[in-house]
Protein chains: 2
Amino acid sequence: MNKYAVIVAAGSGIRMGGTLPKQFILVNNKPVLFYSLQAFLNAFSDIQIILVLPVDYMDMGQEIIDAYFDKEKFRIAAGGETRFQSVKNGLELVEEESIIFVHDGVRCLLTEKLIHRCYASAVETGTAIPVILSKDSVRIVNDEGNDAIDRNKVMLVQTPQTFHSKILLPAYQIDYKEKFTDEATVVEAYGLKVTLVEGEQNNIKITTPIDLLIAEKLINDRN
Amino acid sequence: MNKYAVIVAAGSGIRMGGTLPKQFILVNNKPVLFYSLQAFLNAFSDIQIILVLPVDYMDMGQEIIDAYFDKEKFRIAAGGETRFQSVKNGLELVEEESIIFVHDGVRCLLTEKLIHRCYASAVETGTAIPVILSKDSVRIVNDEGNDAIDRNKVMLVQTPQTFHSKILLPAYQIDYKEKFTDEATVVEAYGLKVTLVEGEQNNIKITTPIDLLIAEKLINDRN
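In this text, all values refer to a predicted model and were calculated from it rather than measured experimentally.

A. Examining the relation of the copies chain A and chain B more closely. Overlay of chain A on chain B (RMSD 0.0 Å): rotation 180°, translation along the axis 0.0 Å. The operation mapping one copy onto its partner corresponds to a two-fold rotation axis. Considering only C-alpha atoms, the part of chain A nearest the rotation axis is A:Ile214, at 3.8 Å. Comparing interface residues between copies, 100% of those in chain A also sit at the interface in chain B, which points to an isologous, same-surface contact.

Below you can see the structure in the form of structure tokens.
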């Protein structure tokens, strides 16, 4: 089966306090984004990468590709105003029936094992959404106040959210709604159910200086 | 108002791979538990601490008190088979009308600010449950599969869970139920609502080597 990874690195968020978007910050001398890309390229030798970048950082993205990877495997798309639009722009570059991974560029600690698990589920069921249980107790806010909920029923959602192209491409033709916070919600709005697969505790979004420290430690431990 | 902090350090979990319970592991040469205790003692000069320890580690707990703190402020209780029973054992040492904090001994990164915020809410409303929003999208598993839920309605629950003694002491007289995962669920089963207050992103439970690393970094940054 053909394979595409749409790596969404379109954010220009600067929560770190600096001016560089998080996906470009260096961890052990390489950008966060490098590790995300490498994980997919290691997982499948025949995968094609669609890298969605902020309009102002397309050159910087291209430099990462040139420095570390085989540029034949890459295409670049421009980010949109919403995650939905960014992913949609990326999906326009998918050219054939395939399994499509959509992954946050700042989740640079995922393993090949997770990528393979998502692939297997998407081949079998059409979809794969990696999730983990919450370590904390959970409450849901409602009109009357808030209620405790069994924490074994609460799933924290990660990426790569993985789909057969026959599902994902038509799903992204529907109109944007504000509740589309990820690909799973789009596919559900299109009328389909999604399959949950086991995610990874360490598959965190790098958004704070503490997260960077974690990334550094885990990447060092692997080497 | 009198103040008690029931510090629940009764776990003998050894998820770190070692043999020492997590609350006794050293961070910058002092046990995790030291930092939890210090935060409450710094927050209020007139607070009394009830330290709930595993039966096999009562000496080790006493040594921490002797080494670092004024022992007049401490009482020790033995942990039970459940969190409910451990807290109940601790609450038996509360002697007067008071505001009672119940705190996980392994959440050693809380700030005095959070303790003061919980106190103010408990004085005003009788309860204070610190919560933070989930950074990830969230799904709830149900009989038909799973549903996305607005992440702004999902609260991850922390400690110190804080109560007026007139609420907490009678609540702990009800019979144990399996759904009692924290103090808030006990108080609700007793028939009362709880007030949510803003928690802290860094107020994590120290349960893995990565968490220890975070603790070390944050504690160093404060010094």
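More follows now that the structure is in view.
B. Expanded view of the side chain of B:Asn89. All names here are of chain B. Within the fold, Asn 89 resides in helix α3 (residues 83–91). Assessed through its relative accessible area of 19%, Asn 89 is described here as buried. Here Asn 89 is in contact with Ala 77, Ala 78, Gly 79 and Gly 80, once residues within four sequence places are set aside.

C. Examining the layout of surface pockets more closely. Estimates place the volume of the largest pocket at around 1,100 Å³. If you trace the largest pocket, you find 39 residues lining it, with A:Lys135, A:Ile204, B:Lys135, B:Ile204 and B:Asp211 closest to the centre. Broken down by secondary-structure element, the contributors of at least two residues to the lining of the largest pocket are β7 (127–133) and α7 (209–222) of chain A together with β7 (127–133) and α7 (209–222) of chain B. In terms of residues, the lining of the largest pocket owes the most to one element, α7(B), which gives four residues. Taken together, the residues that form the lining of the largest pocket break down as 13 nonpolar, 13 polar and 13 charged.

D. Layout of helix α4 (residues 112–125) of chain A. Residue and element names in this part refer to chain A. For α4, spanning 14 residues, the distance from its first C-alpha to its last is 20 Å, which sits close to the expected 20 Å at 1.5 Å a residue. Within α4, burial applies to Leu 114, Ile 115, Cys 118, Tyr 119, Ser 121 and Ala 122. For α4, the elements touching its buried residues are β1 (2–8), α1 (32–43), β6 (98–104), β7, β11 (161–164) and β12 (196–198). Taken from the residues just after α4, Gly 126 is the one with a positive phi, measuring 95°.

E. Spotlight on the interface of chain A and chain B. In this complex, chain A contributes 36 residues to the contact, which on the side of chain B involves 36 residues. For the pairing of chain A and chain B, the buried interface totals around 3,200 Å² over both sides, and the portion due to carbon and sulfur atoms is 57%. The salt bridge involving B:Lys135 is made with A:Asp211; its shortest N-O contact spans 3.6 Å. Where chain A packs against chain B, one counts 12 residue pairs in polar contact (both at pLDDT 80 or more). Of all the secondary structure elements, the ones that give two or more residues to the side of chain A that touches chain B are β8 (137–142), β9 (145–149), β10 (154–157), α6 (183–189) and α7 of chain A.

F. Fine view of the environment of A:Pro209. In this structure, A:Pro209 sits in helix α7. Judged by relative accessible area, which is 49%, A:Pro209 ranks as partly exposed.

G. Structural detail: the pairing of β6(A). Residues and elements named next belong to chain A. Across the seven residues of β6, seven count as buried, placing the element largely inside the fold. Two elements, β6 and β11, share four bridges in a ladder whose sense is antiparallel. Bridge pairing in β11 links Ile 99 to His 164.

H. Here's a closer look at unusual backbone geometry. At the junction of A:Thr159 and A:Pro160, the peptide bond is cis and its omega measures out at 15° in the coordinates. Relative to the assigned elements, A:Pro160 resides in the loop between β10 and β11. Phi is positive for A:Asn29, which is not a glycine, with a value near 70°. Relative to the helices and strands, A:Asn29 resides in the loop between β2 (26–27) and β3 (30–31). A relative accessible area of 67% places A:Asn29 in the exposed class. Here B:Asn28, not a glycine, exhibits a phi torsion of approximately 50°, which is positive.

I. A look at the side chain of B:Ser86. With respect to the helices and strands, B:Ser86 occurs in helix α3. The residues touching B:Ser86, leaving out its near neighbours within four places in the chain, are B:Val8, B:Ala10, B:Val52, B:Gly79 and B:Gly80.

J. Region of interest: helix α2 (residues 58–68) of chain A. Residues and elements named next belong to chain A. Turning to α2, its buried residues number three or more, namely Gly 61, Ile 64 and Ile 65. Projected onto a plane normal to the axis of α2, the buried residues spread over an arc of 95° and lie on a single side. Away from its buried face by more than 90 degrees, α2 exposes Asp 59, Glu 63 and Ala 67. Considering only its buried residues, α2 is in contact with β3, α1, β4 (47–53) and β5 (74–78).

K. The arrangement of the packing of aromatic side chains in detail. Residue and element names in this part refer to chain A. Using the criterion set out here, one finds 28 aromatic pairs over all chains in the structure. A centroid spacing of 5.5 Å and a plane angle of 65° characterise the contact between Phe 40 and Phe 101, whose relative ring orientation is edge-to-face. Taken together, the positions of Phe 40 in helix α1 and Phe 101 in strand β6 put the pair 61 residues apart, joining distant regions of the chain. As far as burial versus exposure is concerned, Phe 40 and Phe 101 are alike and both buried. An aromatic cluster is built from Phe 34, Tyr 35, Tyr 68, Phe 69 and Phe 74, whose rings are joined through pairwise contacts.

L. Geometry of the pattern of salt bridges. If you walk through the whole model with that rule in mind, you get 20 salt bridges over all chains. Here A:Asp136 and B:Arg107 are joined by a salt bridge, their closest N and O atoms 3.0 Å apart. Placement of the pair is A:Asp136 in the loop between β7 and β8 and B:Arg107 in the loop between β6 (98–104) and α4 (112–125), with the two residues belonging to separate chains. Take A:Asp136: its relative accessible area is 15%, and that puts it in the buried class. Take B:Arg107: its relative accessible area is 3%, and that puts it in the buried class. Its salt-bridge partner being A:Arg139, residue B:Glu188 comes within 2.7 Å of it at the nearest N-O pair.

Scoring rules and cut-offs
- Along each chain, the written sequence defines residue order, and numbers are assigned to residues from 1.
- Each chain is given a letter, starting from A, and each ligand a number, starting from 1, according to the order in which they appear as written.
- It should be noted that, the model being predicted, local features are given only for residues of pLDDT at least 70 and side-chain atom pairs only at 80 or more, the latter also being counted only at that level, while totals for whole chains, interfaces and linings use all residues.
- As a rule here, side-chain values come from all non-hydrogen atoms in the structure, and water together with hydrogens is ignored.
- Least-squares superposition of the copies uses the C-alpha atoms of those residues scoring a pLDDT of at least 70 in each of them.
- Two residues form a contact once any of their heavy atoms are found within 4.5 Å.
- Starting at the N terminus, helices and strands are each numbered in turn, a helix being any DSSP run of H or I of at least four residues and a strand any DSSP run of E of at least two.
- Note on classification: 1.4 Å probe, protein chains only; a residue is buried when its accessible area is under 20% of the maximum for its type, exposed when over 50%, partly exposed between these limits.
- Using a 1 Å grid laid over the protein atoms alone, points where a 1.4 Å probe fits but cannot get out form a cavity; open sets with protein on both sides within 12 Å along at least 5 of 7 lines form a pocket; any residue with an atom within 4 Å of a point counts as lining.
- Grid points are joined across faces, edges and corners, and a volume is the space filled by probe spheres set on the points.
- Asp, Glu, Lys and Arg are counted as charged, while Ala, Val, Leu, Ile, Met, Phe, Trp, Tyr, Cys and Pro are counted as nonpolar; the rest, among them Gly, fall into the polar class.
- Residue count minus one, scaled by 1.5 Å, sets the expected span of a helix.
- Reported buried area values correspond to the accessible surface (1.4 Å probe) lost by two parts on association, with both partners' losses combined.
- When a carboxyl oxygen of Asp or Glu lies within 4 Å of a side-chain nitrogen of Lys or Arg, that pair is called a salt bridge.
- Whenever a nitrogen or oxygen atom comes within 3.5 Å of another N or O atom, the pair is scored as a polar contact, on the condition that within protein one atom can donate a hydrogen and the other can accept it, and that pairs from neighbouring residues in sequence are kept only if both atoms are in side chains.
- A strand pair is defined by DSSP finding two or more bridges across the two strands.
- This arc describes the spread of directions from the helix axis toward the C-beta atoms.
- Aromatic pairing here means that ring centres of Phe, Tyr or Trp (its six-membered ring) are within 6.5 Å. Orientation follows from the plane angle: under 30 degrees is stacked, over 60 is edge-to-face, and everything else is tilted.

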